[in-house]
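For reference, the chains in residue letters:
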Amino acid sequence: MLKLPRFLITAVAALLLVSCAAGGQSELGNGGTTSANDGAEWSYTFSDSTGADVTLTARPKKIAVLFSSYADIWVTAGGNVDITVGEAVERGFAGESAVLVDAGAGHTTIDLETLTSESPDLVIGTADYACQTNAVDFCRSVGIPAALFRVESFSDYLGVLEIFCNITGENARYETYGIKVKEQIDALFDLISSADSTPSILFVRAGSSAKSTKAKTTSDNFACVMLSELGARNIADTNNELSSSLSLEAILVEDPDYLFITTMGDEAAAKDYMNSLLAADGWKDLACVKENRYFYLPKDLFHFKPNARWAEAYEYLAELFYPEKT
């Protein structure tokens, strides 16, 4: 059973605090409180991933999304992205006419002057980067509604999608890209529920050098959470040498059953670097390397959040672990 994210629980509690106008109702289930009256006035209060309450007094028409994965969810919910970062345009979630507040991914800088001068009705950012939390704080200080989200699991995604669909009014999209996806995931877990193996895995996020190549854990990577849910044991979860550096000695001791690799930055350069490691003494002696149980995972599913494709991502991993059941 998938757990609800904390901010959804907070949103339910907000129902007790927010008074709805005559004729008001809560849209969907846990995504906040909506009120409306016969004069077609609309307001919506929800809690973001940090627990902050955000109130909108009209459906927003001009939206700033500072993180490409959340631009993806916003578009899935039926919205348009007017102000964003370069990566969101590159990934097709905003048009070429979108105003950019960072030419890259918005990980280190957000142009506050450009952002506020555009007077967005709502700003959406990620709680994972300081520049975006600072941008959201600043927007709030000047009266611009702004929210921070964190998505590290399908349940997190489902909660954000529900809030976004409540804002856009496209509630049917929550059914299509949320509930139906959950049904697919539940059906997959029913198929593999009888599996009694606990394969050990190493998950590596590869860059173009040793400095940017790290083992990831279930505490800091959503794909590792998915692998854990599918029954895998991540050797980096209990070995500090691996979580702080990619220690070959520690990896050889554990000799994991599977090696999963995602790339960041220049994909070709990252693969070249990782392939050079796998051909080196020690690495090439690992059973998972000798027996071809190492896999480069698709970047669009396992580096970026899979969002509406979360069921597809689970199925991809399950087929590697349990080909006879999927």
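The shown structure was predicted, so the numbers you read here are calculated from the model rather than taken from an experiment.

### Overview of the packing of helix α2 (residues 68–76) against helix α6 (residues 154–168)
Okay, so step 1: Relative orientation of the contacting elements α2 and α6 amounts to 50 degrees, with a least axis distance of 9 Å. It follows from the interaxial angle that α2 and α6 lie oblique. Crossing angle aside, the handedness with which α2 passes α6 is right-handed. Contact with α2, carried on its side by Tyr70, Ile73, Trp74 and Thr76, involves Tyr157, Val160, Leu161, Phe164, Ile167 and Thr168 of α6 and no other residues of that element.
Okay, so step 2: Among the residues making up the contact of α2 with α6, the classes are represented as 8 nonpolar, 2 polar and no charged.

### Comments concerning unusual backbone geometry
Okay, so step 1: One non-glycine residue with positive phi stands out, namely Asp255, at about 45 degrees.
Okay, so step 2: As for its placement among the helices and strands, Asp255 is situated in the loop between α10 (248–254) and β12 (258–263).

### Let's talk about the side chain of Thr217
Okay, so step 1: Mapped onto the elements of the fold, Thr217 is located in the loop between β10 (214–215) and α8 (222–229).
Okay, so step 2: Accessibility expressed as a relative area gives 6% for Thr217, which makes it buried.
Okay, so step 3: Only 2.8 Å separates the side chain of Thr217 from the side chain of Ser219, close enough to count as a polar contact.
Okay, so step 4: Look past the residues within four positions of Thr217 in its chain and what remains in contact with it is Cys224, Asn234, Ala236, Asp237 and Ser243.

### A few points about the pattern of salt bridges
Okay, so step 1: Under the definition given, this model contains 12 salt bridges.
Okay, so step 2: Taking the shortest distance from any N to any O, the salt bridge between Asp128 and Arg150 comes out at 2.9 Å. You can see Asp128 sitting in the loop between β7 (122–126) and α5 (130–141) and its partner Arg150 sitting in the loop between β8 (146–149) and α6, a full 22 residues away along the chain.
Okay, so step 3: Arg293 serves as the salt-bridge partner of Glu291, at 2.1 Å between the closest nitrogen and oxygen.
Okay, so step 4: According to the relative accessible area criterion, Glu291 is partly exposed, its value standing at 48%.

What counts, and where the lines are drawn
Residues numbered from 1 in each chain as written. Predicted model: local features only at pLDDT ≥ 70, side-chain atom pairs only at ≥ 80, totals over all residues. Heavy atoms only, no water. Axes fitted to C-alpha atoms, helices over the stretch in contact; angles between N-to-C directions. Helix = DSSP H or I, 4+ residues; strand = E, 2+ residues; numbered from the N terminus. Parallel < 35°, antiparallel > 145°, perpendicular 65-115°, else oblique. Left-handed = near helix turned anticlockwise from the far one by under 90°. Contact = heavy atoms within 4.5 Å. Nonpolar A, V, L, I, M, F, W, Y, C, P; charged D, E, K, R; others polar. Buried < 20%, exposed > 50% of the residue type's maximum accessible area, 1.4 Å probe, protein only. Polar contact = N/O pair within 3.5 Å; in protein donor to acceptor, adjacent residues only side chain to side chain. Salt bridge = Lys/Arg side-chain N within 4 Å of Asp/Glu carboxyl O.

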